[in-house]
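Okay, here's what each chain looks like letter by letter:
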Amino acid sequence: MEHLKIATDNYVAFTFFIGTMAMMGAAVFFFMEVGNTSAKWRTSVLISGIITFIAAVHYYYMRGYNLETGESPTFFRYVDWLLTVPLMCVEFYLITQKAGAKSSLLWKLIAASVVMLVTGYVGEAIYPTETQSWVWGAISGAAYFYIVYLVWYGDVAKLAASSSTAVASAVKTLGWFVLVGWAIYPLGYILGTKGGLFGMQLVADPAAASHAMDIVYNIGDAVNKIGFGLVIYVLSRKAE
Ligand SMILES: *C/C=C(C)/C=C/C=C(C)/C=C/C1=C(C)CCCC1(C)C
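Definitions and limits used
- Residues numbered from 1 in each chain as written.
- Predicted model: local features only at pLDDT ≥ 70, side-chain atom pairs only at ≥ 80, totals over all residues.
- Heavy atoms only, no water.
- Helix = DSSP H or I, 4+ residues; strand = E, 2+ residues; numbered from the N terminus.
- Rg over C-alpha atoms; globule rule 2.2 N^0.38 Å.
- Buried < 20%, exposed > 50% of the residue type's maximum accessible area, 1.4 Å probe, protein only.
- Areas by Shrake-Rupley, 256 points an atom, 1.4 Å probe, with all protein chains shown as cover.
- Salt bridge = Lys/Arg side-chain N within 4 Å of Asp/Glu carboxyl O.
- Near = heavy atom within 4 Å.
- 1 Å grid on protein atoms, 1.4 Å probe; cavity = no way out; pocket = protein on both sides within 12 Å on 5 of 7 lines; lining within 4 Å.
- Sits in = over half its atoms within 2 Å of the grid points.
- Nonpolar A, V, L, I, M, F, W, Y, C, P; charged D, E, K, R; others polar.
- Expected span 1.5 Å × (residues − 1).
- Contact = heavy atoms within 4.5 Å.
- Core = buried A, V, L, I, M, F, W, Y, C linked by side-chain atoms within 4.5 Å.

## Describing the overall build of the protein
- Each helix and strand in the protein was counted, giving 9 helices and 0 strands.
- If you list the helices and strands of the protein from N to C, you get α-α-α-α-α-α-α-α-α.
- Against the compact-globule benchmark of 18 Å for 240 residues, the protein has a radius of gyration of 18 Å, which places it among compact chains.
- Its C-alpha atoms put the protein at 55 × 40 × 20 Å along the principal axes.
- Counting only residues that meet the buried cut, the protein has 49% of its 240 residues in that class.
- Here the protein has roughly 11200 Å² of accessible surface; of this, 71% comes from carbon and sulfur atoms.

Below you can see the structure in the form of structure tokens.
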């Protein structure tokens, strides 16, 4: 049973543990604040709560999985992302809806995020070889840049420009999350897969590679899920 203890030198297990607590705390916060939010923003704050709640449940599970097997909980990581990233797309849609966002924008964002995540999963779990993983990563990266484009220059940016200043500045901040915060993930992928960087392997030892990847992904999730939710929360307090 020794391996079931979170040792002080097991950084991977520790980031899973702290991730669970952070997501739980954030979910409780957003859920409790829904009642204090004006009717117009209530759904947005509720979705911030649902995103962090879904992540809390997955982190609780992934923490145990990692502790018992010492391995990356890749499958449930991607299940979590497949649920939470489309919900982040819904957040973009809801806050630009007042400026006339159409449901086609929501579907563009969701389709791009599903392509990004499914191809990432293929490169990480199904064909994690020198020759294949970087190709799947590159396709995933193209879908990622399409999302960046939509948020910075495409429909989302255009709608934000004709919204209130509070919405426009929230979309700017969320745009930075997508450009910088989400770029943490391809870094984890490069560290964790065999050929993630154009066929090159950065970390040779497989265990060390998967540990590096988990730590990077866990940091990315805390920054993006909680940070993203807080931007929406702040907007709900600023905008009429
Ligand atoms: C809450 C979870 C979030 C915001 C997850 C976001 C995940 C990504 C932006 C992943 C992107 C990837 C690439 C751009 C290329 C390599 C494969 C991925 C899936 C790690």
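## What to know about the pattern of salt bridges
- Applying the stated criterion to the full structure yields 6 salt bridges.
- Across the pair arginine 237 and glutamate 33 runs a salt bridge whose closest N-O atoms are separated by 3.3 Å. A residue pair is termed long-range when its members are at least 10 positions apart, and arginine 237 in helix H9 (residues 206–238) and glutamate 33 in helix H1 (residues 11–34) qualify at 204 residues.
- A relative accessible area of 35% places arginine 237 in the partly exposed class.
- Notably, a salt bridge pairs aspartate 214 with arginine 77, separated by 2.9 Å at the nearest N-O pair. Remark: arginine 77 occurs in helix H3 (residues 74–97) and aspartate 214 occurs in helix H9; sequence separation between them is 137 residues.
- One salt-bridge network, in which partners are shared between bridges, spans Arg77, Asp80, Asp214, Asp221 and Lys225.

## A closer look at unusual backbone geometry
- One non-glycine residue with positive phi stands out, namely phenylalanine 198, at about 50 degrees.
- In this structure, phenylalanine 198 sits in the loop between helix H8 (184–192) and H9.
- With a relative accessible area of 62%, phenylalanine 198 lands in the exposed category.

## Here's the deal with the site of the ligand
- Neighbouring the ligand are 17 residues; Trp81, Met116, Ser140, Tyr185 and Lys225 lie closest to it.
- In isolation the ligand has 530 Å² of accessible area, and contact with the protein removes 99% of it.
- Applying the majority rule of atoms within 2 Å of the grid points places the ligand in the largest pocket.
- Along the lines of polarity and charge, the residues of the shell around the ligand split into 11 nonpolar, 4 polar and 2 charged.

## Here's the deal with H3
- The end-to-end C-alpha separation of H3 is 34 Å, in line with the 34 Å expected for 24 residues at 1.5 Å each.
- Within H3, 17 of the 24 residues are buried, leaving the element largely enclosed by the surrounding structure.

## Describing H1
- Taking 1.5 Å of rise per residue, 24 residues should cover 34 Å, and H1 covers 34 Å from first to last C-alpha, within 8% of that figure.
- All buried positions along H1 are accounted for by Val12, Ala13, Thr15, Phe16, Gly19, Thr20, Met23, Ala26, Ala27, Phe30, Glu33 and Val34.
- Here the buried face of H1 lies against helix H2 (42–69), H3 and H9.

## Some words on the nonpolar core
- Membership of the largest hydrophobic core comes to 48 residues, with the highest contact counts inside it found for Phe92, Leu109, Met116, Ile147, Trp182 and Leu235.
- Among the elements that line this core, the one with the most residues is H3, at 10 residues.
- Sequence-distant contacts of tryptophan 182, defined by excluding residues within four places in its chain, comprise Val85, Met88, Met116, Tyr144, Ile147, Phe177 and Asn224.
- Counting residues in each nonpolar core, the second largest holds 13 residues, with Val12, Ala55, Ala56 and Ile226 among its members.

Interpretation note: all reported values are geometric properties and have no functional meaning in isolation.
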